[in-house]
Amino acid sequence: MLIKIPYPLKKILNPIASLKLTVACLLISILLVFFGTLAQVEFGIWEAQNRYFSTWWVWETIQFGEWSIPLFLPGGYLVGSVLLINLLAAHGTRFKLTWKKSGIVLTHIGILLLIVGGFITGATSHEGAMSIREGDSSRFIESFHERELAVVDKSDPETDQVVAFDTSLFQTGYRVDHPDLPFFIDVHQYFPNSRLRMREDGAVGQFTRVNRGFGQRIAVRPHRETFKQDEQNLISMEAKLVDKDSNQSLGYWLFTNAIVASQSVEAAGKTYQISLRPTRTYVPYAIKLIDFSHDKYPGTQVPVNFSSKVQLANDEGTVDRESLIYMNHPLRFEGRTFYQQSFGENDKLSVLQVVKNPGWQLPYLSCALLALGLCLQFGIHLGQFLKRRGA
Amino acid sequence: MKKKHWLNLLIVLLAGLSSCQKSGVRIYEIPKETEAESPFSVQAPQSESSASPPAPRPVVSSNASEISWTVPEGWKEAALKPMRLASYTSANGQVDISVVKLGGAAGGVASNVNRWRGQVGLEPSSPESIAKAATSFESEGLKGSLFVLYGAENGTLAAIVPYQGMSWFFKATGPSSSLKEEASRFNEWVESLRVP
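Our subject in this report is the structure included herewith. Quick caveat, the model's predicted, so the values are computed rather than measured. (Residues numbered from 1 in each chain as written. Chains lettered and ligands numbered in written order. Predicted model: local features only at pLDDT ≥ 70, side-chain atom pairs only at ≥ 80, totals over all residues.)

Moving on, we come to the interface of chain A and chain B. If you look at the interface, chain A gives 49 residues, while chain B gives 45 residues. If one sorts the elements of the side of chain A that touches chain B by residue count, strand β5 (residues 159-166) of chain A sits on top with eight residues. A class-by-class count of the residues in the side of chain A that touches chain B yields 21 nonpolar, 17 polar and 11 charged. Across seven bridges, β5 of chain A lies against strand β1 (residues 25-31) of chain B in antiparallel orientation. (Contact = placed C-beta atoms within 7 Å. Helix = DSSP H or I, 4+ residues; strand = E, 2+ residues; numbered from the N terminus. Nonpolar A, V, L, I, M, F, W, Y, C, P; charged D, E, K, R; others polar. Pairing = 2+ DSSP bridges.)

Dropping the structure here:
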């Protein structure tokens, strides 16, 4: 804005700074908001956001009555990036930094911050839950939506080595590998949602090849994927583990998040525990649930208050304190906020919602700048108008 | 022409950016964790050809820390199946009643309830809604949760009682119509639970 841009660079910047591009991006944004809002009916807010906004391209099929219409659009990330570059380029070419235009510049800084804030939130914000039983402590946060296949090497007496694969890596027919593991994971069948029944109850289903672990007793059937907020997908995967050295089979296994348990696999002289679970984020501190209390109005089941008394201690040993978490009184530590979310198991289990969003202040700041910029610009215009009339 | 050229380059650059996604694998080291293994994972057949693994036996503790109960009138003792501590049937023989004791949280309440929901043809539910739908009860110092699951045809009444680090499962399953007749007897049964 302040720098004089040399002519050849200006030639490059001119088309990027084009106002037509701005208008095109704004039009696409309108379409994205329209289709993204419609998609929430079918997919819910989280999935719709992933498919339309937190993505570079949108490639969907829209059901319109009996018609299926393919929809191909630049996604929210792409439109945001182009708008960002477009606005920056415009300031490099068209706009001049003068007192008369200072309001516009301020407004544009606000818009830039809003877009940048969107990217920061998309890339760094994290939401999950920490469940702790009374007397126990926890040091990980479980994702609400993402699942992982965790392979844990338990051979070290001090620490556990974890290799966690995002479930998006698994598809029927794929081989998944990691250099830290002595075996390949060959995915024979992968169901994003499924129903499990015990074979001993007479149930029949797929995954008949499974010959290791609990999966031998379970019949699996595929099921339509759900996006409802109060339902969860039960992923089931039939996988063959193959020893990398000998190329010998380590058996067929059922991995599923429907059963919360890990299964032990012996490979290369080590024991690995494998489980399909909500994606975990470990933190360098532990939170212990000292007491959960759930007060009800006398003689009813209506809760007055529920609260978790916790003890937080970090690994360095520099922090060790107790806090009480209850409605509107979350615990804040190292950029994460712990809210009382839920409870269970006869009030012996407390579930804390954990939110991290380093960019949470940016939208407030950018809105303030936008408002200030617009007021300033209108004020300048008004001043000029009054001056002219007075003259 | 030049204009288009630059626009294309911009789009290609941005498309390239879009492929810079996280690899999907994370490697990390954590302090040793002790995780309760599911009772299901106890067995591990050695040969690949063995199709039906031996069913795990119930853990019958020899000390006196067992839960006992009074069998409601009309229920008949039935043959013990693997893992069961007790088996009954209703007077009409259509409702199957069982007692199973498993270590730790036995995979957690939600996963067990969701498995039962699947067995009676109900959609799985979130842990929060399951916790909300549970009825708490207390009997002689034992605290448990009661779950009532009626599907279109079949249903399950179940009580989960954590006691001394174990989970006790008291369950009745059968056709919904017969099960509704047994509901009061089931509640009576659960209320009779006691420890020495």
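So, about the nonpolar core. Counting residues in hydrophobic clusters, the biggest one holds 41 residues, and the most contacted among them are M130 of chain A together with A158 and F170 of chain B. F165, L181, A239 and A261 of chain A belong to the second-largest nonpolar core, a separate cluster that totals 36 residues. (Core = buried A, V, L, I, M, F, W, Y, C linked by C-beta atoms within 7 Å. Buried ≥ 20, exposed ≤ 12 C-beta atoms within 10 Å, placed from the backbone.)

Residues and elements named next belong to chain A. Helix length check: helix α4 (residues 102-124), at 23 residues, gives a terminal C-alpha distance of 32 Å against a target of 33 Å (1.5 Å per residue), a fit within 8%. Taken together, the buried positions of α4 are occupied by T107, H108, L113 and G118. Buried residues belonging to α4 abut α3 (76-93) and α5 (362-390). (Expected span 1.5 Å × (residues − 1).)

Below, the discussion takes up the sheet that holds strand β6 (residues 175-176) of chain A. Residue and element names in this part refer to chain A. Ordered in space as β6-β7-β10-β11, the four strands form an open sheet in which the pairing is antiparallel. Every other strand in the sheet has two partners, leaving β6 and β11 (249-256) as the edge strands with one partner each. In terms of strand pairing, strand β10 (residues 236-243) meets β11 through six bridges, oriented antiparallel. Within the sheet, the bridge partner assigned to A239 lies in β11 and is W253.

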